[in-house]
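What follows is each chain in one-letter form.
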Amino acid sequence: MACPIDPAELKKLKFFVDLCSAQPQLLNLPQLEFFKSFVEKLGGKIPEGKPDFGDAHFKTEEPKKDEEPAKKEESEPESDIELDTEGCVEPDNDPEQPMGDASKEPSEDEIDKANDLRSQATAAYSEQNYEDSIKLYTEAIELNPKSALYHAKRGQAYLKMSKPNACIRDCTRALEINPDSATAYKFRGRANRLLGKWEEAAKDLRQACKLDYDEEADEWLKEVTPNAKKIEQHKLKQERRRQEKELQEKQERVRKAQEANRKAAENNAHGNSGDGDDSESFINAFKDPEIAEALQDIIANPANISKYQNNAKVMNLVTKIASQSSDSFPTFGPTGPSPFAGFMGARSFEDGTMGSDSESTGPKCTDELD
């Protein structure tokens, strides 16, 4: 006995069954309740839950073992530079010393007293009484907080006590007061060197020599330059790698888009000449996470198709599903709209025929059901 169903319709039915086989939770959609009841009457059991086109059935294969070393190489840290760290010290975390009131306008008497304290601090420093020198500079700063020199010289005393962070704070404040303070750049550069901040040290010491050449600052600059250059070259290398990787990824995206367009053109050229291979191509298409996510988004709300107008892969699949589902599945079923009605409506919206009689009249649905 010959099958009463047209072969083309059987092909579409096979496509629908393949979808349900790959994702049986699809039958839990309210629109397919009639088909779910039919399957259950025959003894079938539908898994609970909603369809998820992003699960393991549709994900791309796991990377092969021989691909792992390449990825590991790309993610290697940048700590493989050989640097000379001799002379570096542990960072200090002492409480910050008073910086003075920046808004204060010192009187002439306060300026004179501050200068006297500075002379005493200088004498204490020359006698290697660095703690006393710091205390005297602190008193001078409180009297005249707008002196960049006082802050820079106190930073110098902190250096002698191996407190680079305290020195950096003082020199930074000195540069806020006087951006052209070569002394502040010099001592901050030295403090950065002690902390192993080679690039910052080279920058500060270079600026110190530019503002006011100093032999000691120049010697310190020569000391940090090799490490600073190694770091700079390493960063340039990493940047080139990043740019090359971005270019390769872009070229790969273009290649995949061109391949998708080529396959779509071939499918359109062949038309409906296949014998069921289309359904397999649909299933394979869902293995692409991008297509699976887009399809789920459109099923949830057909109006979302507008977000994918410029995505050739998604639009080719949606257009094909819409055209096939309109031929093989009714827009309205016994219990409500077909799940493929969303694609048909979205395509009608795209073609500018939304709401036309040819797309929405009841008799057409009745004829298809018959």
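Residues numbered from 1 in each chain as written. Predicted model: local features only at pLDDT ≥ 70, side-chain atom pairs only at ≥ 80, totals over all residues. Heavy atoms only, no water.

Peer 1: Account for the packing of helix α6 (residues 148-160) against helix α7 (residues 164-177), naming residues and giving values.
Peer 2: Orientation of α6 relative to α7, taken along the N-to-C sense of each, is 165°, at an axis distance of 8 Å. Judged by the angle between their axes, α6 and α7 are roughly antiparallel. Here α6 and α7 pass one another in a crossing that is left-handed. For the pair α6 and α7, contact is made by Ala148, His151, Ala152, Arg154, Gly155, Tyr158 and Leu159 and by Ala166, Cys167, Asp170, Cys171, Arg173, Ala174 and Ile177, respectively. Its residues placed into classes, the contact of α6 with α7 shows 9 nonpolar, 2 polar and 3 charged. (Axes fitted to C-alpha atoms, helices over the stretch in contact; angles between N-to-C directions. Helix = DSSP H or I, 4+ residues; strand = E, 2+ residues; numbered from the N terminus. Parallel < 35°, antiparallel > 145°, perpendicular 65-115°, else oblique. Left-handed = near helix turned anticlockwise from the far one by under 90°. Contact = heavy atoms within 4.5 Å. Nonpolar A, V, L, I, M, F, W, Y, C, P; charged D, E, K, R; others polar.)

Peer 1: How would you summarise the nonpolar core if you had to cite specific residues and measurements?
Peer 2: Taken as a class, soluble globular proteins show a tendency for nonpolar side chains to be buried jointly. In this structure, Leu159, Cys167, Ala184, Phe187 and Val224 are the most contacted members of the largest nonpolar core, which totals 30 residues. When contributions to this core are tallied by element, the ones reaching two or more residues are α5 (130-143), α6, α7, α8 (182-194), α9 (198-211) and α10 (215-270). The element contributing the most residues to this core is α7, with 6 residues. If near-sequence neighbours (up to four positions away) are discounted, cysteine 167 is found in contact with Gly155, Tyr158, Leu159, Phe187 and Ala191. Judged by nonpolar contacts, the second largest core, of 21 residues, contains Phe16, Leu27, Tyr308 and Ile321. (Core = buried A, V, L, I, M, F, W, Y, C linked by side-chain atoms within 4.5 Å. Buried < 20%, exposed > 50% of the residue type's maximum accessible area, 1.4 Å probe, protein only.)

Peer 1: Requested: an account of a nonpolar patch on the surface, with residues and values cited.
Peer 2: On the surface, Ile5, Leu10, Leu13 and Val17 cluster together to form a nonpolar patch covering roughly 290 Å² of accessible area. Looking at the element boundaries, isoleucine 5 is found in the segment before α1 (7-22). (Patch = residues over 30% accessible without salt bridge, like charges linked within 9 Å, V, L, I, M, F, W, Y side chains within 5 Å. Areas by Shrake-Rupley, 256 points an atom, 1.4 Å probe, with all protein chains shown as cover. Salt bridge = Lys/Arg side-chain N within 4 Å of Asp/Glu carboxyl O.)

Peer 1: Lay out helix α12 (residues 289-300) with the relevant residues and their values.
Peer 2: Across its 12 residues, α12 extends 17 Å between first and last C-alpha, which sits within 8% of the 16 Å expected from 1.5 Å per residue. Those residues of α12 lying buried are Ile291, Ala292, Ala294, Leu295, Asp297 and Ile298. (Expected span 1.5 Å × (residues − 1).)

Peer 1: Report on the packing of aromatic side chains, specifying residues and quantitative values.
Peer 2: Counted under the stated rule, the structure contains 2 aromatic pairs. On the basis of an interplanar angle of 45° and a centroid distance of 6.0 Å, the ring pair of phenylalanine 35 and phenylalanine 38 is categorised as tilted. Of the two residues, phenylalanine 35 and phenylalanine 38 both sit in helix α2 (residues 33-41), 3 residues apart, roughly one turn of that helix. Phenylalanine 35 sits in the partly exposed class, given a relative accessible area of 22%. Ring geometry for tyrosine 125 and tyrosine 130: centres 5.3 Å apart, planes at 65°, overall edge-to-face. Each member of the pair, tyrosine 125 as well as tyrosine 130, is classed as buried. The lysine or arginine in question, lysine 186, covers the ring of tryptophan 220, its NZ or CZ lying 5.5 Å from the ring centre. (Phe/Tyr/Trp six-rings, centres within 6.5 Å; stacked < 30°, edge-to-face > 60°. Lys NZ or Arg CZ within 6 Å of the ring centre and 35° of its normal.)

Peer 1: Let's hear about the confidence of the model for the protein: which residues, and what values?
Peer 2: Confidence in the prediction for the protein averages 78 pLDDT; 74% of positions are at 70 or higher. The secondary-structure element of the protein with the lowest mean pLDDT is strand β1 (residues 332-333), recorded at 40, while α8 shows the highest, at 96. Of the regions scoring below 50 in pLDDT, residues 55-76 engages in 17 contacts with residues more than four places distant in sequence or in other chains. Segment residues 326-370: pLDDT under 50, and 62 contacts once partners within four positions in sequence are set aside and those in other chains are kept. (pLDDT = per-residue confidence, 0-100.)

Peer 1: Run through the pattern of salt bridges, naming residues and quoting values.
Peer 2: Counted by the stated rule, this structure contains 18 salt bridges. Lysine 146 is the partner of glutamate 105 in a salt bridge, and the nearest nitrogen-oxygen pair spans 2.5 Å. Remark: lysine 146 occurs in the loop between α5 and α6 and glutamate 105 occurs in the loop between α3 (68-74) and α4 (108-126); sequence separation between them is 41 residues. Residue lysine 222 pairs with aspartate 218 through a salt bridge whose shortest N-O separation is 3.6 Å. Of the two residues, lysine 222 and aspartate 218 both sit in helix α10, 4 residues apart, roughly one turn of that helix. Judged by relative accessible area, aspartate 218 falls into the buried class, the value being 16%. Overlapping salt bridges, with partners in common, bring together Lys186, Asp214 and Glu216 in one network.

Peer 1: Can you explain unusual backbone geometry? Please cite residues and give values.
Peer 2: Despite not being glycine, glutamine 128 shows a phi value in the positive range, around 65°. With respect to the helices, strands and loops of the structure, glutamine 128 is situated in the loop between α4 and α5. Located in the positive-phi region is serine 162, a residue other than glycine, with phi close to 55°. Secondary-structure assignment places serine 162 in the loop between α6 and α7. Looking at serine 162, the relative accessible area reads 41%, which means it is partly exposed.

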